[in-house]
Amino acid sequence: MHISRELELSRRAFLRRSSQLAAMGAASSYALDLAGIGEAAAFSSSGGYKALVCVFLYGGNDHGNTLIPFDPTNYARYAAIRGGIDDQGGGIALPRSSLASTVLMPAGGQTVTDDITYALAPTMPRLKARFDQGSMAPILNVGPLLAPMTRAEYDNRSVPRPPKLFSHNDQQSTWQSSQPEGSQTGWGGRMGDLAQSANTNAMFTAINATGNAVFLSGEQALPYQVSSSGAVLFRPLERGRLFRSGAATSALETILTTGSGNILAADYATINDRSIKFGSFVNDALENAAISTDFGDGNRLADQLKAVAGMIAARGSLGVTRQVFMVSMGGFDNHDGLIGRHEGLLAELDFALDAFYQATIELGVADQVTTFTASDFGRTLASNGDGSDHGWGGHHFVLGGSVNGGRFYGRAPHVSVDTPDQVGRGRLLPTTSVDEYSSTLALWFGVSPSDLPSIAPNIGRFASSDVGFLRSSTMHT
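Procedures and definitions
- Residues numbered from 1 in each chain as written.
- Predicted model: local features only at pLDDT ≥ 70, side-chain atom pairs only at ≥ 80, totals over all residues.
- Heavy atoms only, no water.
- Buried < 20%, exposed > 50% of the residue type's maximum accessible area, 1.4 Å probe, protein only.
- Helix = DSSP H or I, 4+ residues; strand = E, 2+ residues; numbered from the N terminus.
- Pairing = 2+ DSSP bridges.

By the naming in an unreviewed UniProt entry, the chain goes by Tat pathway signal protein and is assigned to Erythrobacter litoralis.

Written out as structure tokens, the structure is:
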């Protein structure tokens, strides 16, 4: 990973100051002391607090059974391609009657390709309600592109393709970072780099409530890890005894917090060091920021989003005005057993997203928090007999009080496996790039137009950096 000398020195200086302050005493005094060492302002904090929350759906979500054609003509096409019979469903097609309560009627009489009327999956009634209320919008056919591309250009290779299409690891990385597997910074982390200076405590800019992912890694910004119960604590160190030995405890701490010449090992050690030193401070802040919204039991995504809501509730104590979060859920690689399993996953997603949005209302920050989905790729519209296979473009959701919801964004694909908007078996050729998606989010977050190429390196090849699904930045306090 390339880190400029200037940036490296800045990070080291901040970590050194943080460590010195931590050594001075209790968590409460740490909060007061740190208020005086804000990083040099390079990112405007005008507009008050704002947060972006990435919900990554690992495995490649089947968008074909997430946003489903409901009008008779297009439903018949969908059912035929997915192995269904008439309106009864079958194969991997959902019955048309099951969709009647989740039909989306966009405001203003918006029409899309072939006059498709879409319905959400029947297990997503809460997002249907948020669509009706105007706080949720589907973004159609989003995927990685290096430049706009037609089917003819795809076939004759006259426009470069994103490398290693249809590969899980590579496309997860490409979605999160604009590069295939091996990339070392993601666009969430790069936004964190720009936003750190707006926060008194820069270390709480990028917050990871799930496993390791490149999305939140920046040149300077390192993700701070939290669990569903708060900060990740090292219990043996907290108790001061490992194997009933002070020496063993000290040795463990040295191992966890000592880097090496390898930059990744050094960053890992830094993350451990922060968790050890500041975990209690974070948990103290969370304890004083209770939320009454019900996140249910047994929903792992909801648990992660509850932790995110807690961090947002504690934003004043943590000294932050800009934050980027990441949560995730897995299980979407349904080559078989799609029917049944997929609806269950979407039910969990529906509940968790709605609970989180309700929590932002409770906290009075609904307009200041935008949640969005991402996934490895979409999937084939064609059935493989019991599921669907790896695709490219897919449909996604944005949710929040600043969302221009109740309508669709992007271009709806034909319900087809042989039209020029797909590359075979209904694999969608994206018509909205991830760069356009991320740029729209970044502009709302406060990134200046001149800094967009650092977030979305291909954005200059597209006509617009703002797809329009978020209201222009409004002033908040």
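We are not done yet, so read on.
1. As for the pairing of strand β8 (residues 322-329)
Summarising burial for β8: 8 of the 8 residues are buried, a large majority. Of the two faces of β8, the one carrying Arg322, Val324, Met326 and Ser328 and the one carrying Gln323, Phe325, Val327 and Met329 are both buried. In the sheet, strand β1 (residues 50-57) pairs with β8 via 8 bridges, with the strands oriented parallel. Following the sheet pairing, lysine 50 is matched in β8 by arginine 322. Here strand β5 (residues 206-208) pairs with β8 via 3 bridges, running parallel. Note on β8: the bridge partner recorded for isoleucine 207 is phenylalanine 325.

2. Comments concerning the environment of serine 464
Locating serine 464 in the fold gives a position in the segment after α15 (452-455). What makes serine 464 partly exposed here is its relative accessible area of 33%. Distance in space between the C-alpha atoms of serine 464 and glutamate 436 is 7.2 Å, their sequence separation being 28 residues.

3. Here's the deal with unusual backbone geometry
Unusually for a residue other than glycine, aspartate 114 sits at a positive phi of about 55 degrees. A residue is classified by how much of its surface remains accessible, and aspartate 114, at 37% relative accessible area, is partly exposed. Non-glycine residue arginine 157 carries a positive phi angle of around 60 degrees. You can see arginine 157 is positioned in the loop between α5 (151-156) and α6 (168-177).

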